[in-house]
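# Coordinate analysis (summary)
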Amino acid sequence: MKLIVGLGNPGAQYEQTRHNVGFMAIDAFAEQHHATFRLEPKLKGMLASLTIDGNKAFLLKPMTFMNLSGESVKAVKEYYKITVEDILIISDDLDSHNGRVRLRAEGSAGGHNGHKNIIAHLGTEEYKRIKIGIGRSEVIPVIDWVLQKFSKDELAEIHAATDKAGHAIEDFIKGVAFNKISSLYSSK
């Protein structure tokens, strides 16, 4: 069983913002596969389930706000007895240009508060991730930048990135080796 987590902030005011690209990717994937999210208060998130080629997976959108994402990830992991090896986290990446997709088998938080909290709750940096670039402004402070909505041109690049991420998610659920997934879908 796999757990795919899209990181973001709950609430209409955060929809289509840079920090919510994880939510955008997992929402697009869920819609494509006709998976419906439902609020699971005990698990502190919105959860959907689906099966692809006989492989079951849960899709999770933590409702804890970005900085506390690990609470929901750990709750679902423990409740469904999912191993860290079967967890994939999708997040924004300030250090990559807009729309760039990078897959990593492990790594530090890199200054990302959602990843910091997940690492703290899981007790390891060794979980898989898809990072979608949102770029960085040289004049707008980071906290304001990540909470801004995408421009029309940026959004087109993000949609292409979330589509690519969706293919990677599907292969991950099917059990394709992560190094192969990474070579197929990481932006060059």
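The present account deals with the structure reproduced in this document. (Residues numbered from 1 in each chain as written. Predicted model: local features only at pLDDT ≥ 70, side-chain atom pairs only at ≥ 80, totals over all residues. Heavy atoms only, no water.)

## What about the nonpolar core?
Test applied: Nonpolar cores were defined as sets of buried Ala, Val, Leu, Ile, Met, Phe, Trp, Tyr and Cys residues, with membership established by side-chain atoms within 4.5 Å. For every residue, the accessible area obtained with a 1.4 Å probe (protein chains only) is divided by the maximum for its type, and the residue is called buried under 20%, exposed over 50%, and partly exposed between those limits. Under the DSSP-based scheme used, a helix requires at least four consecutive residues in state H or I and a strand at least two consecutive residues in state E, with every element numbered from the N terminus. By definition in these notes, contact holds between two residues if any of their heavy atoms fall within 4.5 Å.
Core analysis: the biggest nonpolar cluster contains 37 residues, and Ile4, Leu59, Leu103, Ile130, Ile132 and Ile169 have the highest contact counts within it. At 8 residues, the largest contribution of residues to this core is made by helix 5 (residues 152-174). Apart from residues no more than four positions distant in its own chain, Ile130 is found in contact with Leu88, Ile89, Ile90, Ser91, Val101, Arg102, Leu103, Ala165, Ala168 and Ile169. Counting 19 residues, the second-largest nonpolar core is a separate cluster that includes Leu43, Leu60, Ile82 and Ile119.

## So, the pairing of strand 7 (residues 128-133)
Short version of the rule: Only when DSSP finds a minimum of two bridges between them are two strands counted as paired.
The buried fraction of strand 7 amounts to 6 of the 6 residues, a majority that puts the element mostly inside the structure. Pairing of strand 5 (residues 87-93) with strand 7 involves 6 bridges; the strand directions are parallel. When the bridges of strand 7 are listed, Ile90 appears paired with Ile130. In the sheet, strand 6 (residues 101-104) pairs with strand 7 via 4 bridges, with the strands oriented antiparallel. Note on strand 7: the bridge partner recorded for Leu103 is Ile130.

## What about the packing of helix 5 against helix 6 (residues 178-185)?
Filter applied, for reference: Between N-to-C directions, angles cover 0 to 180 degrees, with each direction set by a line fitted to C-alpha atoms, over the stretch in contact for helices. We call two directions roughly parallel when the angle between them is under 35 degrees, roughly antiparallel when it is over 145, roughly perpendicular when it lies between 65 and 115, and oblique otherwise. By the definition used in this description, the sense in which the near helix is turned from the far one sets the handedness, with an anticlockwise turn below a right angle giving left-handed and a clockwise turn giving right-handed.
With their axes 10 Å apart at the nearest point, helix 5 and helix 6 run at an angle of 165° to one another. Comparing their axes, helix 6 and helix 5 come out roughly antiparallel. Seen along the crossing, helix 5 lies across helix 6 with a hand that is right-handed. Of the residues in helix 6, those touching helix 5 at Lys164, His167, Ala168, Asp171 and Phe172 are Phe178, Ile181, Leu184 and Tyr185.

## Points about the pattern of salt bridges
Put simply, the rule reads: Salt bridges, as used here, are contacts in which a Lys or Arg side-chain nitrogen is within 4 Å of a carboxyl oxygen on Asp or Glu.
Tallied over the entire structure, the rule returns 10 salt bridges. One salt bridge connects Lys61 with Asp27, and the closest N-O pair in it is separated by 2.8 Å. Of the two residues, Lys61 sits in strand 4 (residues 55-62) while Asp27 sits in helix 1 (residues 21-32), which places them 34 residues apart along the sequence. Relative accessible area serves as the criterion here: at 31%, Asp27 is assigned to the partly exposed category. The closest approach of N and O atoms between Glu71 and Lys44, which form a salt bridge, is 3.1 Å. With Glu71 in helix 2 (residues 69-79) and Lys44 in the loop between strand 2 (38-40) and strand 3 (45-52), the pair connects residues that are 27 residues apart, well separated along the chain. Sharing partners across several salt bridges, the network here consists of Asp53, Glu170 and Lys174.

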